[in-house]
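Reading the structure
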Amino acid sequence: VRCVQETDQRRVHGEKQSQQPEKKAKQQDEEELDPTLYYENRCNQILKLKQNPETNPYPHKFHVSHSIAQFRTEFEEKCKENMVFLEEFVSVAGRVTNIRAMGQALIFYDLKGDGQKLQVMANQANDTEGNFKDLQTRIKRGDIIGIYGRPIRTKTGELSIAPGKIQLLSPCLFMLPTAQSGLKDQETRYRQRYLDLIMNNRTREIFITRTEVIRYLRRYFDDFGFIEVETPMMNMIAGGATAKPFKTYHNDLHMNLFMRIAPELYLKMLIVGGFDKVYEVGKQFRNESIDQTHNPEFTTCEFYWAYADYNDLITFTEEFLSSMVKSITGSYKIKIHPNGPETEKEVEIDFTPPFRKISMMGELESKLGFKTPENLYTEEARQLFDDLCKKHNVDCAAPRSTSRLIDKLVGEFIESECLNPTFLLDHPQIMSPLAKYHRSCLLYTSDAADDLLCVDLGGRRIIKKKK
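Values in this document were obtained by computation on a predicted structure and should not be read as measured data.

**Structural notes on the sheet that holds strand S9 (residues 255-259)**
Think of a sheet as strands paired side by side through backbone hydrogen bonds, with each pair either parallel or antiparallel. Judged by pairing direction, the sheet is antiparallel, and its 3 strands sit side by side in the order S7-S9-S8 without closing on themselves. For this open sheet the edge positions go to strand S7 (234-235) and strand S8 (247-250), each flanked by a neighbour on one side alone. Judged from the 4 bridges that link them, S8 and S9 form a sheet pairing that is antiparallel. Bridge assignment links tyrosine 249 to a residue of S9, and that residue is asparagine 256.

Have a look at this one:
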């Protein structure tokens, strides 16, 4: 009898061992399918499921009692002992990012939601629906599923949820990139941002940080007494800046209109109308070149402040930027990769006030060894900067005007070295003729703008303000 029992045990154990590799092999074969064939197989499977109301993969409602983040926060301390269920049923939902089968009766899923991950320990013994095997064949990586079950810690101590019920909420028809290969192709990441968000948590963090920046900006300006306004997106005249606009046509008015290139003119009208402090956060549209620092549509914050000069703006800007960075990151110092993650070494930027201040033309003179002409409106002055660009191999497309040539030289030799936030002061008036003339610099009495400042960091201009 003992020999028969031992033989039966070895046979059952051998069957389990043989079935486990078969299941893993089946999952591996599915992952290695041609993406088109995988999509076709998945669509056929979904069509079959939709024929039965009980297996409909698109239910109307699934009640979620806890987000994954809330689950981890609440049960991290409550669930202390390994392999002991808490007698509390909860429901969570998220996207399946990984599947690990440990035989036919135990499967682990990695569930992702709100940037957090939770392990699902699906055991046939805990299944209350009686369709454990059928359900497991339906769930693939990328699917959104709902879990109703109890918190538990696995043998290794990882906080998990043991489902009594698993419901398919939204199947993923396409094959996701594997965790090993990831999604690194820049073209795919930018054109399929949803896939980038699924695969790269860093992208999600950038979205959240941007939201925090806008939220802090509005709160800071509101607390300072500014009024947020909205100005027209379409204008009869493309004013407020020098840029090529996008054109559109208004059918009812039978006229051509321009998408705005700047909100400046309307904001100034509000100042004239009696609002002393106004600001707007909104989109601008410029039908020009695209590169790493220029996009045809972009978001700006433009504000106007009556009875203030650029000294007030310097103090305001220092306090705003430094306090925002400290509030969001917890420190004045942040680390970035200028050309994207994994492209080059990390760079640290320090927002500790006060920021560095540079006199634009004085710094340019010291770097290139020339003397700025007293009158920048002459052909001789233009030729001087033209020769400097040629000498130092600085490209400048036509028209090669004095202001454009100076701007290119500043970008090449000053802005590129401004790693930490830096104020560029004393712009030549020829570069910004609407700004007020300088108060104290005798050399640039008529050719220097006192009330214009720029803030550069990381080699890029982030703020430009004129009064």
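**Here we look at the environment of isoleucine 107**
With respect to the helices, strands and loops of the structure, isoleucine 107 is situated in strand S2 (residues 106-113). Residue class for isoleucine 107 comes out buried when judged on its relative accessible area of 1%. Taking the C-alpha atoms as reference, isoleucine 107 lies 6.2 Å from methionine 121; in sequence the two are 14 residues apart.

**Things to note about the side chain of threonine 203**
Looking at the secondary structure, you find threonine 203 in helix H7 (residues 201-223). The class for threonine 203 is buried, based on a relative accessible area of 4%. Other than its neighbours up to four places away in sequence, threonine 203 contacts Arg189, Arg193, Asp196 and Leu197.

**Here's the deal with the pattern of salt bridges**
Enumeration according to the criterion identifies 21 salt bridges in this entry. Salt-bridge contacts for arginine 100 lead to aspartate 110; the nearest nitrogen and oxygen are separated by 3.1 Å. In this pair, arginine 100 sits in strand S1 (residues 90-101) while aspartate 110 sits in strand S2, placing the two residues 10 residues apart along the sequence. Under the relative-accessibility criterion, aspartate 110 is labelled buried at 8%. Of the charged contacts, one joins glutamate 297 and lysine 283 as a salt bridge, the two residues approaching to 3.6 Å between their closest N and O atoms. Taken as a pair, glutamate 297 in strand S11 (residues 297-305) and lysine 283 in strand S10 (residues 277-285) lie far apart in primary sequence, 14 residues in all. The structure contains a network of salt bridges with shared partners spanning Glu379, Arg382, Asp386, Lys390 and Arg400.

Here is what the cut-offs are and how they apply
Residues numbered from 1 in each chain as written. Predicted model: local features only at pLDDT ≥ 70, side-chain atom pairs only at ≥ 80, totals over all residues. Heavy atoms only, no water. Pairing = 2+ DSSP bridges. Helix = DSSP H or I, 4+ residues; strand = E, 2+ residues; numbered from the N terminus. Buried < 20%, exposed > 50% of the residue type's maximum accessible area, 1.4 Å probe, protein only. Contact = heavy atoms within 4.5 Å. Salt bridge = Lys/Arg side-chain N within 4 Å of Asp/Glu carboxyl O.

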